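Structural overview for review
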Amino acid sequence: MNAPIPTLDTSAAGAFASLAPPVWRASTVVFNSLDDFVNRRTRLPDGFSYGTTGTPTQRALETRIAELDGAAHCVVFPSGQAAICGALLALLKKGDHLLMTDAAYGLAKAFAVERLQALGVEVEFYPPRIGADIERLIRPCTRLIWLESPGTVTMEVEDVPAITAAARARGVLTAIDNTWASPLGFAALAHGVDLCIHACTKYMGGHSDVLMGSIATNDEKLYRSVRGLQSLMGLAVSPEDCFLVARGLDTMQVRMERQAASAQLIAASLAAHPLVRRMLFPALPGAPDHGLWARDFRQAGCVMSLQLVEAPYDAYRAMFRELEHFSIGASWGGVRSIAAFYPAEELVRRRFCDVHGPVIRLSIGLQDPQALLDELLGALGAFQKSSTL
Ligand SMILES: *Cc1c(COP(=O)(O)O)cnc(C)c1O
């Protein structure tokens with residue numbers, strides 16, 4: 001403990017170099033002088049004043065995500081849900097009116113209803129296909145419109161340019177949960193959205209082993225509020241986790257291209273299967289909202305939903321028992337395929353939903369697409385056998 005603090009000698013150029021970004025850990029940040037310490041808060045929102053707002057490791061990742069989103073600024077959060085709550089809390093106050101898509105991520109809706117309303121924010125859900133008609137729901141006290149496109153589980157595509165144009169005309173802010181498409185699939189800020197949120201847990205991390213969220217924006221004032229909220233709430237993000245997400249970003253494009261191509265192949269085959277009643281995958285020609293998707297998106301995601309012909313729950317049990325390459329779980333976007341199940345009752349709770357009956361959601365990973373398809377076809381066979389017993 002009495003030894004002097006070691007410092008990194010970077011003067012010997014070439015003494016050490018690596019392709020891996022350094023992982024800087026810090027609880028306290030140390031200062032060169034009393035004046036530097038006294039003025040430390042002025043270093044925010046970009047600089048370093050205390051461990052909770054991050055080290056150069058967080059900042060390097062934030063810079064990379066900002067670049068991908070076409071944004072000037074980005075703040076990372078400990079999970080996607082933390083980023084969603086961070087954005088909502090940074091922007092909304094008592095007396096504000098929030099318009100949120102009815103197809104938003106379940107915990108985002110729960111946070112709005114269970115917490116924001118208690119804080120005096122009025123929460124109103126709108127149908128995801130509302131488009132320019134959102135205008136009619138905007139009031140003088142409307143502060144924020146929350147989008148998610150395609151919607152969680154049900155995959156409705158929103159007309160983002162129409163909604164952001166209506167919002168701008170009335171001085172209302174917009175934020176989007178852009179997790180499904182990633183920055184590679186949909187350029188949210190270029191389509192007029194003020195804040196772009198990702199669950200980096202999904203494609204960016206890519207390996208089902210890290211939780212993180214991000215908020216990107218081109219608006220300096222919004223950036224300051226988001227950074228301020230992140231700091232005030234002590235929502236620190238581990239530098240090791242930043243390292244993992246940065247590593248995920250190195251391969252995100254090739255992973256997503258391959259996973260999206262596999263998803264297209266699997267979706268097209270399933271769509272032609274007699275037991276499949278409905279494919280909810282906007283990247284598939286003929287699927288709901290495909291036209292809007294083709295107009296605005298650059299690349300597909302690897303997550304699709306589907307509905308089967310009517311059958312008892314036991315048939316789904318038999319089907320899921322056949323899955324080996326697909327693990328049963330909720331989080332998605334990783335290299336391993338995932339299958340999830342949403343019973344009809346969960347969707348009935350939505351106010352504006354044209355999807356009736358249970359939904360299966362598949363996240364297509366990096367495994368051989370033919371092996372995945374064969375497994376699904378076998379599982380559908382088990383579904384059929386069990387439903388006709
Ligand atoms: C997974 C997910 C989230 C939440 O991310 P976590 O990191 O798991 O908290 C938010 N929105 C969407 C669309 C998601 O799929």
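Residues numbered from 1 in each chain as written. Predicted model: local features only at pLDDT ≥ 70, side-chain atom pairs only at ≥ 80, totals over all residues. Heavy atoms only, no water.

1. Observations concerning the overall build of the protein chain
Along the backbone of the protein chain there are 12 helices and 12 strands. For 389 residues, the compact-globule estimate of 2.2 N^0.38 gives 21 Å, and the protein chain sits close to it at 23 Å. Overall, the protein chain is about 80 × 55 × 35 Å in size when its C-alpha atoms are taken along their principal axes. Taken over 389 residues, the protein chain has a buried fraction of 54%. Considering only contacts within the protein chain whose residues lie at least 6 apart along the sequence, 71% involve residues at least 24 apart. Working note: accessible area of the protein chain is about 17900 Å², and carbon and sulfur atoms make up 56% of it. Charged side chains of the protein chain number 35 positive and 39 negative; the gap between the two group centres comes to 4 Å. (Helix = DSSP H or I, 4+ residues; strand = E, 2+ residues; numbered from the N terminus. Rg over C-alpha atoms; globule rule 2.2 N^0.38 Å. Buried < 20%, exposed > 50% of the residue type's maximum accessible area, 1.4 Å probe, protein only. Contact = heavy atoms within 4.5 Å. Areas by Shrake-Rupley, 256 points an atom, 1.4 Å probe, with all protein chains shown as cover. Lys, Arg positive; Asp, Glu negative; His and termini not counted. Charge placed at Lys NZ, Arg CZ, Asp CG, Glu CD.)

2. Points about helix α7 (residues 220-232)
Relative to the 18 Å expected for 13 residues at 1.5 Å per residue, α7 spans 18 Å between its end C-alpha atoms, a close match to the ideal helical length. By the burial criterion, the buried members of α7 are Leu222, Tyr223, Val226, Arg227, Leu229, Gln230 and Ser231. Buried residues along α7 sit in contact with α2 (56-69), β1 (73-77), α3 (80-91), β5 (173-177), β6 (195-199) and β7 (213-217). The residue sitting at the N-terminus of α7 and contributing the capping side-chain oxygen is Asp219; that oxygen lies 2.8 Å from the backbone nitrogen of Lys221. (Expected span 1.5 Å × (residues − 1). Polar contact = N/O pair within 3.5 Å; in protein donor to acceptor, adjacent residues only side chain to side chain.)

3. A word on unusual backbone geometry
Note that the residue after Leu44, namely Pro45, is joined by a cis bond; omega there is 10°. Topologically, Pro45 is positioned in the loop between α1 (34-38) and α2. Residue Pro150 is reached from Ser149 by a cis peptide bond, and omega for that bond is -5°. In this fold, Pro150 is placed in the loop between β4 (142-148) and α5 (160-169). A positive phi is found at Val153, a non-glycine position, where the angle reads about 70°. On the basis of relative accessible area, Val153 is assigned to the buried category, the value being 4%.

4. As for the domain arrangement of the protein chain
Looking at the assigned domains, one finds that the protein chain contains domain 1 (30-247) and domain 2 (253-387). On the domain 2 side, the residues contacting the 37 residues of domain 1 number 36 residues. Both faces combined, the contact of domain 1 with domain 2 buries some 3100 Å², and carbon together with sulfur accounts for 58% of it. Considering only the surface of domain 1 that becomes buried against domain 2, Val153, Trp180 and Tyr203 emerge as the three largest contributors, covering 23% of it. Summed over the shared surface of domain 1 and domain 2, the result is three salt bridges. The residue Arg295 makes a salt bridge to Asp159 at a minimum N-O spacing of 2.7 Å. (Domains from an automatic or database assignment. Buried area = accessible area lost by both parts, 1.4 Å probe. Salt bridge = Lys/Arg side-chain N within 4 Å of Asp/Glu carboxyl O.)

5. Some remarks on the layout of surface pockets
The rolling of a water-molecule-sized probe over the atoms marks out the regions of remaining empty space. Approximately 830 Å³ is the volume found for the largest pocket. Residue lining of the largest pocket: 37 residues in total, with Ala104, Tyr105, Gly106, Thr152 and Arg361 positioned closest to the centre. Breaking the lining of the largest pocket down by element, the ones donating at least two residues are α3, α4 (106-116), β6 and α11 (344-348). Counting contributing residues per domain, the lining of the largest pocket is built from domain 1 (30-247) and domain 2 (253-387), each supplying no fewer than three. In terms of lining residues, the second largest pocket is bounded by Trp24, Arg25, Ala26, Thr28, Val29, Val30, Phe48, Gly54, Thr55 and Pro56. (1 Å grid on protein atoms, 1.4 Å probe; cavity = no way out; pocket = protein on both sides within 12 Å on 5 of 7 lines; lining within 4 Å. Points joined across faces, edges and corners; volume = space filled by probe spheres on them.)

6. Digging into the site of the ligand
In the vicinity of the ligand, 15 residues are found, and the nearest of them are Gly80, Gln81, Asp177, Thr201 and Lys202. Here an oxygen atom of the ligand and a side-chain polar atom of Lys202 are 2.6 Å apart. Residue Trp332 places a side-chain N or O atom 3.2 Å away from an oxygen atom belonging to the ligand. Surface burial for the ligand is 89%, taken as the share of its 380 Å² of free accessible area covered by protein chains. Of the pockets mapped on this structure, the ligand occupies the largest pocket. Per element, the largest residue contribution to the shell around the ligand is three residues, and it comes from α3. The class makeup of the residues in the shell around the ligand is six nonpolar, six polar and three charged. (Near = heavy atom within 4 Å. Sits in = over half its atoms within 2 Å of the grid points. Nonpolar A, V, L, I, M, F, W, Y, C, P; charged D, E, K, R; others polar.)

7. Considering the sheet that holds strand β9 (residues 303-308)
Sheet architecture is open: five strands sit in the order β8-β9-β12-β11-β10, paired in mixed fashion. Whereas interior strands pair on both sides, the edge strands pair on one side only; in this sheet they are β8 (276-280) and β10 (327-328). Where strand β11 (residues 338-342) meets strand β12 (residues 359-363), five bridges bridge the pair, whose relative direction is antiparallel. Paired with Ala339 across the bridge in β12 is Leu362. Against the sheet, helix α10 (residues 313-321) makes contact with β9, β10, β11 and β12, and its axis sits at roughly 175° relative to β11, the strand it touches most. (Pairing = 2+ DSSP bridges. Axes fitted to C-alpha atoms, helices over the stretch in contact; angles between N-to-C directions.)

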